[in-house]
Amino acid sequence: MTETNAQHKAVRPLRAHWFDRPDPLERPVVVTGVFDVLHVGHVRFLRSIAERGLPLVVGIESDQRVRAWKGPGRPVNPAEERAETIAALGCVSGSFVIDGAPEIADWAAYADILRPLSPAALAFTEGDRYTHAKIRGAEALGAQAWELPFTPGRSTTAALGRLAHSL
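None of the values given here were measured: they were computed from a predicted structure.

### Considering the nonpolar core
- V31, L46, I49, L56, V58, I86 and A123 are the most contacted members of the largest nonpolar core, which totals 19 residues.
- Breaking this core down by element, the ones donating at least two residues are β2 (29-33), α2 (40-50), β3 (56-61), α4 (79-87), β5 (121-125) and β6 (144-148).
- Those residues in contact with I86 that lie beyond four places of it in its chain are F35, L38, L46, V58, I60, V92 and S95.
- V57, F96, A109 and L141 belong to the second largest nonpolar core, which has 17 residues in total.

Following this line, the structure appears as structure tokens:
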């Protein structure tokens, strides 16, 4: 392997595996995330995107990636089930699982796997720790960057905390 090929593989090793691919898929809005335990914050976020009139596809992070980022107790639900749950929502046109080394979270790697979708926009919530990377990725893809409100107190971490205290 040449040095250039080794560098490319080290920088952009993410892969997308479709769970439910819409056909045809025309310039969707793309969202990526964990979507571990579905809650009203997720529903409000996804619905607000779909209300803008473009098809919505959701990339679900793989179990390996989530475990590395959030610890050994996560995800609660496996990636295929998270992708199935998200795809079942009426506002979602399709879902796919993002697989690859957990340390790869740069905008270029995501742009590489999203480029074949020709997204019209990348959407994310206010306060997303990857906001700047997502904006840069959207620019690289010729897509809009949509920053949408976060529903306060409604996150998977908060829901799991409430559940743990109620048991």
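Moving on from the model shown.
### Some points on the sheet that holds strand β4 (residues 94-99)
- Pairing in this open sheet of 6 strands is mixed, and the strands run β1-β4-β3-β2-β5-β6 from one edge to the other. The open sheet is flanked by β1 (15-20) and β6, the only strands paired with a single partner. Neighbour to neighbour, the strand axes of the sheet diverge by 30 degrees on average, direction disregarded.
- Here β1 runs beside β4; their pairing, made up of 5 bridges, is antiparallel. Bridging from a neighbouring strand, D20 pairs with S95 of β4.

### Details of the packing of helix α5 (residues 107-114) against helix α6 (residues 131-141)
- At their nearest, the axes of α5 and α6 sit 9 Å apart, and the two run at 45 degrees to each other. Relative to α6, α5 is oriented oblique. Of the two possible hands of crossing, α5 and α6 adopt the one that is right-handed. Taking contact as the criterion, the partners of W107, A111 and L114 in α5 are, on α6, A133, R136, G137, A140 and L141.

### What about the environment of D112?
- Within the element layout of this structure, D112 appears in helix α5.
- Among the residues examined, D112 registers a relative accessible area of 27% and is labelled partly exposed.
- Each C-alpha atom, one on D112 and one on L141, is 8.9 Å from the other, the two residues being 29 residues apart in sequence.

### Quick word on α6
- All of the buried residues in α6 are T131, K134, G137, A138 and L141. Buried residues of α6, viewed axially, fall in a sector of 125 degrees; they line one side. In this structure, α6 carries H132 and E139 as exposed residues pointing more than 90 degrees from its buried face.
- Contacts made by the buried residues of α6 are with β2, α5, β5 and β6.
- Following α6 by one or two positions, G142 has its phi on the positive side, about 70 degrees.

Rules of the game
Residues numbered from 1 in each chain as written. Predicted model: local features only at pLDDT ≥ 70, side-chain atom pairs only at ≥ 80, totals over all residues. Heavy atoms only, no water. Core = buried A, V, L, I, M, F, W, Y, C linked by side-chain atoms within 4.5 Å. Buried < 20%, exposed > 50% of the residue type's maximum accessible area, 1.4 Å probe, protein only. Helix = DSSP H or I, 4+ residues; strand = E, 2+ residues; numbered from the N terminus. Contact = heavy atoms within 4.5 Å. Pairing = 2+ DSSP bridges. Axes fitted to C-alpha atoms, helices over the stretch in contact; angles between N-to-C directions. Parallel < 35°, antiparallel > 145°, perpendicular 65-115°, else oblique. Left-handed = near helix turned anticlockwise from the far one by under 90°. Arc of directions from axis to C-beta.

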